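Residue-level structure breakdown
For reference, the chains in residue letters:
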There are 2 protein chains.
Amino acid sequence: MARYDIEISEVGPRDGLQSIQTIMPLDAKKAWITAEAAAGVPEIEVGSFVPARILPQMEDTPALVAHACTIEGLQVAALVPNLRGAENAIKAGVHKISIPLSVSETHSLKNVNRTHDQMIEEAAKIVALIKTLPEDNRPFFEGSLSTAFGCTIEGPIAEDKVVDIAARLMGAGCDEVGLSDTTGYATPKHLTNLVKAIKAEVGDKNVTSLHLHNTRGMGLANVIAGLDAGITTFDASLGGLGGCPAAPGASGNIVTEDLVYMLDAMGIKTGIDLEKLFACRDIVKAALPDEELYGFTPLSGLPKGYPNGYRAQRAD
Amino acid sequence: MARYDIEISEVGPRDGLQSIQTIMPLDAKKAWITAEAAAGVPEIEVGSFVPARILPQMEDTPALVAHACTIEGLQVAALVPNLRGAENAIKAGVHKISIPLSVSETHSLKNVNRTHDQMIEEAAKIVALIKTLPEDNRPFFEGSLSTAFGCTIEGPIAEDKVVDIAARLMGAGCDEVGLSDTTGYATPKHLTNLVKAIKAEVGDKNVTSLHLHNTRGMGLANVIAGLDAGITTFDASLGGLGGCPAAPGASGNIVTEDLVYMLDAMGIKTGIDLEKLFACRDIVKAALPDEELYGFTPLSGLPKGYPNGYRAQRAD
């Protein structure tokens, strides 16, 4: 029996921590990852392989990957911006690599100073590198479509542009493409349409994951649309770490705790123990006392008597 | 052409204000209602007809109804707990009356000291009263199923219990039943199932409205489930007024601003001007400086260039 119906990928140690100024000590990061894996979270993006002068918060990613890889059954993921990052990630031993490609070329140029052509070329080089590895020791390689739902500089992003970049990433040899709502612009209808359009181009099985932010409060509504569109992996971050400074109460990524509660209450298996997951907040709070943690369910508590008498009436 | 595809019913002046200690002055309430109606909100629940010793915040409801009824095109609603309340509501001139019936009998006894039988009898008396009015001057009468998704005292509520109460309310002569997630326990799957079950019992056209809270962050996800289930009226409150004290960041009712933005961005017509709606917050803030207002979109702002280039790609 599978451990889960829907896979939760915890991205807090990467996306959450890179969005805040405070640097979390390595030991706290290790404790956090250990605790979340013990709660049943199947995949954790532990960091990104970028130069320390750009993101000092991520400097200890190699050590963290080494630690995470000792945890049995945990899929260890990391983000890489380029070939150099991928080389380091592979050296460290990650199981999954993601390269973000901003569908807004303006954003791509501003963010990593690279055109689309240059990014696709970079992805192809990473594929070539992976192919030099023994077949049973190759990391999974995902191309992540950033700003897919709109860009804070360019504004709306046309659907065919996203579809085109998705096709080019698959053409470069990525194992899969993932959709990223970097700007919190996604709405359920847009999401449904975009997933359908990309699937039509690159095939159903090559679009399975969503990376959502909660900037406009629509995160979990978008998850529902994603489930309906056949998405099976959702990124989320514990406590929604790295919230939007302009929107008090708005988490950064969608909150892992609320997401897991929603799925669990809908009778969808995540393999995650809710109480153990909520307890992970204490580790993050202790290490980052000045950062706000978001999430409704850990504070309001589970419904009285949950799950007895609830799950049944919520399943199909 | 209809003003809207989906009807928004603003319940802040009733559900929001009754949940906080501070009493909003009548003039501020009037200004709020006037501004929201001018923004295009088609229905506002302006208060409830309960004894002032129980809810002093609602004492000026008759004056507020009188004011609201001068606004052209606005449907003026009020909540009544019993026949006496209905008599006063009708005297004041409301267009719509709702009676809340808690499906958890424990909650009903604790809240209004009445059994289910007594509440159904009360509803029947209100129907009889309405029938004494000239046919062209009868308020719409809704039976509202409170604690339909679970109760903080009883825990889970069985589906057949909700269906039974819905049937009894319709049997007593209500024009319609509405579903209320008083406790913030609803999840999308449960909601879909429950709406289907009640519709099967009392007929599609007799279940059109949902009253949702955001206690566990699932409010807008539940709206998506509601839309899929054919719900056409959603209650919401400006700024999510009356939040859950246990959950900082959790609004009380779902936030009108976020709800309207989500629908608008999905290409669903609400008849509401977003900027004018957001501006209503200033009136509430000025009158209730110590109360927290919730809502993501008014703070994070609309997507760059919105709605140009967005709505099209989000519609069917």
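Up top is the structure.
These numbers were taken from a predicted model, which means no experiment stands behind them.

Here we come to the overall build of chain A. Within chain A, the regular secondary structure consists of 13 helices and eight strands. For 316 residues, the compact-globule estimate of 2.2 N^0.38 gives 20 Å, and chain A sits close to it at 18 Å. With the C-alpha coordinates of chain A rotated into their principal frame, the extents come out at 55 × 45 × 40 Å. Within chain A, the proportion of its 316 residues that are buried is 58%. Intrachain contacts of chain A at a sequence separation of at least 6 include 73% that bridge at least 24 residues.

Below, the discussion takes up the sheet that holds strand β3 (residues 75-79) of chain B. All names here are of chain B. On the basis of which strands lie adjacent, the closed barrel formed by eight strands has the order β1-β2-β3-β4-β5-β6-β7-β8 and parallel pairing. Between one strand axis and the next, the sheet turns by 25° as a mean value, whatever way the strands run. Relative to strand β4 (residues 96-102), β3 is paired through three bridges, and the arrangement is parallel. Within β4, the residue paired with Ala-77 across the bridge is Lys-96.

Once that is clear, we can look at the pairing of strand β2 (residues 43-48) of chain A. Residues and elements named next belong to chain A. With six of six residues buried, β2 is to be regarded as a mostly interior element. In terms of strand pairing, β2 meets strand β3 (residues 75-79) through five bridges, oriented parallel. Note on β3: the bridge partner recorded for Gly-47 is Ala-78. Following the backbone out of β2, through helix α3 (residues 61-68) and into the adjacent parallel β3, one traces a crossover that is right-handed.

If you rotate chain A by 180° and push it 0.0 Å along the axis, it lands on chain B with an RMSD of 0.0 Å. The relationship between the two copies is best expressed as a two-fold rotation axis. Distance from the rotation axis, computed per C-alpha, reaches its smallest value in chain A at A:Ala221: 1.8 Å. Interface overlap between copies is the fraction of interface residues in one copy that are interface residues in the other; for chain A against chain B it reaches 100%, indicating a shared surface.

Quick look at the packing of helix α4 (residues 83-92) of chain A against helix α6 (residues 116-131) of chain A now. Residues and elements named next belong to chain A. One can describe the packing of α4 onto α6 by two numbers: an axis separation of 9 Å at closest approach and a directional angle of 30°. Accordingly, the angle class assigned to the pair α4 and α6 is roughly parallel. Judged by the twist between their axes, the crossing of α4 over α6 is right-handed. Contacts from Leu-83, Ala-86 and Glu-87 in α4 reach Glu-122, Lys-125, Ile-126 and Leu-129 in α6. Partitioned by chemical class, the residues of the contact of α4 with α6 number four nonpolar, no polar and three charged.

Residue and element names in this part refer to chain A. The strand order around the closed barrel built from eight strands is β1-β2-β3-β4-β5-β6-β7-β8, with neighbouring strands paired in parallel fashion. Each neighbouring strand pair of the sheet contributes to a mean axis angle of 30°, computed without reference to strand direction. Contacts between α6 and the sheet are confined to β4 (96-102) and β5 (140-146), with β5 contributing the most and set at about 170° to the helix.

Glancing now at the interface of chain A and chain B. Counting from both sides, the interface comprises 46 residues of chain A and, opposite them, 46 residues of chain B. Ranked by residue count, the leading element in the side of chain A that touches chain B is helix α9 (residues 219-228) of chain A, at five residues. Per-class residue counts for the side of chain A that touches chain B are 24 nonpolar, 16 polar and six charged.

Calculation criteria
- Residues numbered from 1 in each chain as written.
- Chains lettered and ligands numbered in written order.
- Predicted model: local features only at pLDDT ≥ 70, side-chain atom pairs only at ≥ 80, totals over all residues.
- Helix = DSSP H or I, 4+ residues; strand = E, 2+ residues; numbered from the N terminus.
- Rg over C-alpha atoms; globule rule 2.2 N^0.38 Å.
- Buried ≥ 20, exposed ≤ 12 C-beta atoms within 10 Å, placed from the backbone.
- Contact = placed C-beta atoms within 7 Å.
- Pairing = 2+ DSSP bridges.
- Axes fitted to C-alpha atoms, helices over the stretch in contact; angles between N-to-C directions.
- Right-handed = clockwise from strand over helix to strand, strands pointing away.
- Least-squares fit on C-alpha atoms with pLDDT ≥ 70 in both.
- Parallel < 35°, antiparallel > 145°, perpendicular 65-115°, else oblique.
- Left-handed = near helix turned anticlockwise from the far one by under 90°.
- Nonpolar A, V, L, I, M, F, W, Y, C, P; charged D, E, K, R; others polar.

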